[in-house]
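Results of the structural survey
What follows is each chain in one-letter form.
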Amino acid sequence: MTKFLIFCLGALAASCTGSPSFPDTALDYCAAQVRRTLAELPASDCTLTPRNIAPDSTRWHLNRVCKEEWTAGFWPGVLWYDYEYTGDTTVRNAARRYTEALEFLSHTPAYDHDLGFLVFCSYGNAYRLTQDDRYREVILRTADTLATLFNPRVGTILSWPREIPALGGHNTIMDNMINLEMLFWAAENGGDSRLADIARSHADKTMQYNFRPDGSSYHVAVYDPENGGHLLSRTHQGYSDTSMWARGQAWGIYGFTMCYRFTHDTRYLEFARKITDLYLKRLPDDGIPYWDFDDPAIPAAPRDASAAAVVASALLELSTYLGDEGTVYRTAAEKMLRELDRNYRGGTRCPALLVHSTGHHPAGSEIDYAIIYADYYYYEALLRLRRLNRGEGLF
Ligand code: GLY
């Protein structure tokens, strides 16, 4: 609570001595929105978490935590970022409760690859900010569970076991890149070193088969589970098998940048730059992508604020690995964040940090919604920008 009072006094002092500047203005907005959400959630039941807000709604649609609900780690992650910014122990206590509601995942057989989103966004931030060893142990157990989906004949994690019949084999999706972070981290923090080998193998195969020569991504690559041979690459959530789905590209940019963080393998860094440069070249002027870069309905197609938030966060990290050549990525990230702050706020209509994200367009699901993962990566990116502006390290 003391830290929160200092935060409030700081905000008051800033308003007396002149306006606080970006990104603090945006972070103050995020902190206020988080308190609105907390006020509307049922305090006694932390197994209900915010998932989305429809364009004609003002309140969060809540989903029950379960192994199939891949977004359940983002709300506790938002709370941890808020605690990091404000020091508010009330928020920290809520973050603990929502995080601990996911503990069952560390002793449940793997449902799919999303374990990283679920457990590293929640427990990963929890451990980073509290150093509570019980949190580290949950991460290590879950990393081992995620590794059970690895097929050594293919060299990747099976992202969606349930989709084997529909897709025709062992499938690996671009989103899965994010979940390698938990494996790399576990290998460095008391887990089995084999977890890092799995992550590297998965990243290498993804680089080979989830991308076209120009650096644009396929959502899914399908392999023969017995001999490991590549069968086909295609889309699932994008416009077509030849299009560039914005969030898929975003996961790739974030994922390969993160792979460089853990491995210092320059192949990952160069690849992250390549796929980023294509993304930046194809962006609309305001820096926020349409949901798919090749939807023929552009400019009438919906945007995806979530992809913008993921990329902004990734580019801030990428910028730190490139010396002077990193400036272009930091500048681009800041431009994206300023645009999100200016034109994509949930604001007075609803308590989400951001609106105008697209979930699964081909399925007609979550089009032009507020979605919780956009908020998670937006809060993360703003905090990253703040640390860089203060001359602090990112992690
Ligand atoms: N991981 C699912 C998505 O990006 O929509």
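Structural data are supplied above this passage.
Residues numbered from 1 in each chain as written. Predicted model: local features only at pLDDT ≥ 70, side-chain atom pairs only at ≥ 80, totals over all residues. Heavy atoms only, no water.

1. A word on the environment of Leu 340
- For Leu 340, the position within the fold is in helix 13 (residues 327–343).
- For the pair Leu 340 and Ala 305, spaced 35 residues apart in the sequence, the C-alpha separation amounts to 7.3 Å.
- With residues near it in sequence (within four places) discarded, Leu 340 still touches Ile 288, Ala 305, Ala 308, Ala 309, Arg 345, Leu 354 and Tyr 378. (Helix = DSSP H or I, 4+ residues; strand = E, 2+ residues; numbered from the N terminus. Contact = heavy atoms within 4.5 Å.)

2. A few points about helix 3 (residues 74–86)
- With 13 residues, helix 3 should cover 18 Å at 1.5 Å per step; its first-to-last C-alpha distance of 18 Å lies within 8% of that length.
- Directly beyond the C-terminal end of helix 3, a positive phi value near 70° is found at Gly 87. (Expected span 1.5 Å × (residues − 1).)

3. Regarding the side chain of Glu 380
- Mapped onto the secondary structure, Glu 380 falls in helix 14 (residues 372–389).
- With a relative accessible area of 5%, Glu 380 lands in the buried category.
- Here Tyr 81 takes part through its side chain, which lies 2.5 Å from a polar atom of the side chain of Glu 380.
- Not counting chain neighbours up to four residues away, the residues in contact with Glu 380 comprise Tyr 81, Tyr 254 and Ser 313. (Buried < 20%, exposed > 50% of the residue type's maximum accessible area, 1.4 Å probe, protein only. Polar contact = N/O pair within 3.5 Å; in protein donor to acceptor, adjacent residues only side chain to side chain.)

4. Here's the deal with empty space enclosed by the protein
- Scanning all chains against the criterion turns up three cavities of 30 Å³ or more.
- In this model, the largest cavity occupies a volume close to 40 Å³.
- Together, Gln 33, Val 34, Thr 37, Trp 60, Trp 75, Val 78, Pro 351, Ala 352, Leu 353, Ile 372 and Asp 375 line the largest cavity.
- The element that contributes the greatest number of residues to the lining of the largest cavity is helix 2 (residues 24–40), accounting for three residues. (1 Å grid on protein atoms, 1.4 Å probe; cavity = no way out; pocket = protein on both sides within 12 Å on 5 of 7 lines; lining within 4 Å. Points joined across faces, edges and corners; volume = space filled by probe spheres on them.)

The values are spatial; any link to function lies outside them.
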